[in-house]
Amino acid sequence: MKAKFIYWNGVFAVIIAIIIVVNCVAVSWHNVLRVFMGTVGGGTTETFESSSYQTLDELREAQEDFAVELMAEGSVILKNDGNALPLTASDKNISVFGQNSVNIIRGGTGSSAVSSGTYEYVNLRNVLEESGMSVNAALWNYYVNHEKRTSETGGDYNDYESTWTEMTAAEGVTQSFNEYSDAALVILSRLGSEAADLPAVNPQSSGGDGQSSYLALTPNEKDMLRGINQSGLFDKIIVVLNTGNAMQLDFLGEEAYGIDGCILFGMPGVYGIYALPDILTGKADPSGHLNDTYVTNSTSAPASRNFGDARYTNQAVSTPPSDTRSTTYEASNYGSAEYSFVNYGEGIYVGYRYYETRYEDTVLGCQNVGLFDYADEVVFPFGYGASYTTFEWSGFEYSVGDDGTVTVSVTVKNTGDYPGKDVVQIYYQAPYIEGGVEKSSVNLAEFVKTETIAPGDTHTVTASFDAKQTMKSYDGTCAVAGRAQLGAYVLDEGTYYITAAKDAHEAVNNILAGKEQDGVSVDTSKMTGAGNASFVGRYELDSREVLHTDDQTGAEIVNLFDDAVAPDANENTYLSRMNWAILDDSEGLKYATGEGYLIGRSKQTGEIVSRVDFETREAPDELIGRIQNVGWDASGRPESANDNQAKPLGQSNGRQLEEARSAEFDDEIWTEILANLTADDLKNSFLNGAFSTVEFPAIGKPPTMEFDGPSGITNYTNGHGGFGFPPTSTLGRSFNIELAEEYALKRVCQCAV
């Protein structure tokens, strides 16, 4: 009896302990739990604005159609040797390769993750077969049954691709190729995630070589492509890039892989995959253009010099983690874990602003240009996009209005056999003064996407922009009379070149041709192609102009982030057109000066079980002082922002939140409404604002769930969400303003229904 009593006492003690723990968690995390359970709790919600869609089914159908249209407009044809694309009616028996063929990356992770929800049935095989193609079932099932695949729920950067030998050893796979040989469709995927930087290299522990970029092909992917080509079984090899990141495309031209065509498809959201068979067969016009520069080596970008884990080693030095039961830690130059840094030494020279500018300086024979070969560095420039048809441009016209508006028009003719859309891109070049404001060789000023042009038809497009407001440059050293703070926009005197081009590189070549026409010495032997001087306009400025007030608000323009500049900067800290050659040194532009590591060893075997390598530098005392500021001093706000006036609270004036629906930001009604809240109300709102807002009965404000996400409403707490659109990287590649406006409208409608 006594033993039984002790037993039940123990059971009850455990139950009580669990209840206490659960209650503590519920109190601290009740907001998240409420979101997870899908209930708001109390209060009523009124819809103030109505959607143009009357039912969810009507909205969903519109969203699906839009996603398919967007994917077609945002997909880019990169390679199409021998007109391998579009696939013909006889190209219907296909083999789909790539581990992610059965697990298409729909979007990013975290807030950009999209829930498949009711679209779980949407996979590549179903979509292709619905379009009339026949997909190799043996190969598909091999991938379905594969042990691992990329996870879309976090920063999973592992390579789960099979080697050619592993794949072909599976039962029935090799034999199936003879029947499904019209085309090999190869899916190459890369994930992107918030809160988890892309790894600098492909992880060796998961199939990577531990050396090449994560954006390059892995050894297993290379082996797969080589095997497909060397088998000699497939009539065509088509690569589809399923990624939002700019992969290294050095492999596209390699003979060993025999790639006939390549499409940058991107990430399709929950439904956009339906556009792929339409694109492959030419039913849809893939009219996207690149919004990135695609290179042979991603580490050639100046930003890569300071990418990674870097820590200050002086001041408030941290100690390595304490040993665990199974692991002991040792460290070198461990530094201060809380004081990490990244120095943006590349300045403005990101993407095409680097590659195209260094190219022009090479052609012009500028000093300190260093070792640079554009053809070896760049595979496809910013703005590039091929088509199933061909376009011919003519009739370039350029004018400047009395109000300073630049207007450019171009006539586009479809000279091919397919209907299609083209993108007319307008670029400008501002005069660069050695030792002055850093400026890139070209900048995208405006763009216009044509309507669908039938074969033989023409379409004239016109683009306009404000010359001074568009072509101004920021000068952080500019002093303006009558004020102490530095900073203003400037327009340096000289010739501003303006051109229409199909991509950023063509724009530079056009401008170089225009400069040669103006008497500038141009080494045409170093150019990758001839420019078109007839497509260049000129805007002349006789003297320097300083714009120190905002043209929209009239506010003074001043530097706001002087303290973000490295206090110990020298001529090698930030990149300039005067010191390109610094990049020829592998350590050039690097802000860190030392190295450190943290190793974890198994207590049982002594083997290394974990290792973190990082770069180090000693921080100037001035910087450490700023970092150690607390409270208001740490906010960085100016003293003029201090407002210690007491605010009225706890009143009962009857004003309700609904009354302020159309009120301006500075309307006095906001003060009157907020006066009805108490200090406890404000504290409650601050402490319990995770993924939602609390109820304020005094002003008629109901509790709300605040779900968001760049690709659709997402509740990553419970996995539910709204329609998952293709991400905005695809939208950017569409170069279609009307689609962008519709994208926003569809998102609003998703919230309103």
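Our structure is the block above this text.
Scope of this entry: the structure provided in the associated data block.

Calculation criteria
- Residues numbered from 1 in each chain as written.
- Predicted model: local features only at pLDDT ≥ 70, side-chain atom pairs only at ≥ 80, totals over all residues.
- Heavy atoms only, no water.
- Helix = DSSP H or I, 4+ residues; strand = E, 2+ residues; numbered from the N terminus.
- Buried < 20%, exposed > 50% of the residue type's maximum accessible area, 1.4 Å probe, protein only.
- Contact = heavy atoms within 4.5 Å.
- Areas by Shrake-Rupley, 256 points an atom, 1.4 Å probe, with all protein chains shown as cover.
- Patch = residues over 30% accessible without salt bridge, like charges linked within 9 Å, V, L, I, M, F, W, Y side chains within 5 Å.
- Salt bridge = Lys/Arg side-chain N within 4 Å of Asp/Glu carboxyl O.
- Lys, Arg positive; Asp, Glu negative; His and termini not counted.
- Charge placed at Lys NZ, Arg CZ, Asp CG, Glu CD.
- Expected span 1.5 Å × (residues − 1).
- Pairing = 2+ DSSP bridges.
- Axes fitted to C-alpha atoms, helices over the stretch in contact; angles between N-to-C directions.
- Core = buried A, V, L, I, M, F, W, Y, C linked by side-chain atoms within 4.5 Å.
- Parallel < 35°, antiparallel > 145°, perpendicular 65-115°, else oblique.
- Left-handed = near helix turned anticlockwise from the far one by under 90°.
- Nonpolar A, V, L, I, M, F, W, Y, C, P; charged D, E, K, R; others polar.
- 1 Å grid on protein atoms, 1.4 Å probe; cavity = no way out; pocket = protein on both sides within 12 Å on 5 of 7 lines; lining within 4 Å.
- Points joined across faces, edges and corners; volume = space filled by probe spheres on them.

A few words now on the overall build of the protein chain. Scanning the protein chain from N- to C-terminus turns up 18 helices and 26 strands. Counting every position in the protein chain, which comprises 753 residues, the buried fraction comes to 45%. Considering only contacts in the protein chain between residues 6 or more positions apart, those separated by 24 or more positions represent 73%. Split by element, the accessible area of the protein chain, about 37000 Å² in all, is 50% carbon and sulfur.

Our focus in this paragraph is a negative patch on the surface. There is a patch of like negative charges on the surface, built from Glu-58, Glu-61, Asp-65 and Glu-69. When you line up the elements, Glu-69 lands in helix 2 (residues 56–74). A residue is classified by how much of its surface remains accessible, and Glu-69, at 36% relative accessible area, is partly exposed.

Below, the discussion takes up the side chain of Glu-346. On the secondary structure map, Glu-346 appears in the loop between strand 9 (327–332) and helix 9 (352–363). Despite being buried, Glu-346 has no salt bridge partner; Arg-305 is the closest side chain of opposite charge, sitting 9.9 Å away. With residues up to four places along the chain from it excluded, the contact list for Glu-346 reads Pro-302, Ala-303, Leu-575 and Leu-589.

Right, let's talk about helix 9 for a bit. Given a rise of 1.5 Å per residue, 12 residues ought to cover 16 Å, and the 16 Å separating the end C-alpha atoms of helix 9 matches this to within 8%. Helix 9 sits mainly inside the fold: 11 of its 12 residues count as buried. Three or more residues of helix 9 are buried, namely Tyr-352, Tyr-354, Tyr-355, Glu-356, Thr-357, Arg-358, Tyr-359, Glu-360, Asp-361, Thr-362 and Val-363. Against the buried residues of helix 9 lie strand 7 (294–295), helix 10 (374–377), strand 10 (378–380), strand 13 (423–429), strand 14 (443–449) and helix 12 (504–517). The positive-phi residue at the C-terminal boundary of helix 9 is Gly-365, with phi of around 70 degrees.

Glancing now at the sheet that holds strand 13. The pairing of strands in a sheet happens through backbone hydrogen bonds and is either parallel or antiparallel. Spatially, 4 strands are ordered 14-13-18-19 in an open sheet, and the strand pairing comes out antiparallel. Looking at which strands have only one partner, the edges of the open sheet turn out to be strand 14 and strand 19 (536–541). Neighbour-to-neighbour, the strand axes of the sheet open up by a mean angle of 20 degrees, direction not taken into account. Both strand 18 (residues 494–501) and strand 19 contribute to a ladder of 6 bridges, which runs antiparallel. Its bridge partner being in strand 19, Tyr-496 is matched across the sheet by Tyr-539.

Phe-97 and Leu-280 are the most contacted members of the largest nonpolar core, which totals 78 residues. Those residues within four positions of Leu-280 in sequence are excluded, and the remaining contacts are Leu-85, Pro-86, Leu-87, Leu-128, Met-133, Leu-185, Ile-238, Ile-263 and Tyr-388.

Next up on the list: the packing of helix 9 against helix 12. Two elements in contact, helix 9 and helix 12, have axes whose closest approach is 10 Å; the angle formed by their N-to-C orientations is 30 degrees. Taken together, the axes of helix 9 and helix 12 lie roughly parallel to each other. In the packing of helix 9 onto helix 12, the handedness of the crossing is right-handed. Here Tyr-352, Glu-356, Tyr-359, Glu-360 and Val-363 of helix 9 lie close against helix 12, whose contacting residues are Ala-504, His-505, Val-508, Asn-509, Ile-511, Leu-512 and Lys-515. Here the contact of helix 9 with helix 12 is composed, by residue class, of 7 nonpolar, 2 polar and 3 charged.

On inspection of all chains with the given rule, the structure shows 27 salt bridges. In this structure, the salt-bridge partner of Arg-577 is Asp-361, at a minimum N-O distance of 2.7 Å. Highlighted residues: Arg-577 in the loop between strand 20 (545–547) and strand 21 (594–602) and Asp-361 in helix 9, separated in sequence by 216 residues. Judged by relative accessible area, Arg-577 falls into the buried class, the value being 7%.

By volume, the largest pocket is sized at about 1600 Å³. Forming the walls of the largest pocket are 48 residues, and the residues nearest its centre are Ala-200, Thr-299, Ala-303, Ser-304 and Phe-307. At the level of secondary structure, the elements contributing two or more residues to the lining of the largest pocket comprise helix 9, strand 21 and strand 22 (608–617). The element that contributes the greatest number of residues to the lining of the largest pocket is strand 22, accounting for 5 residues.

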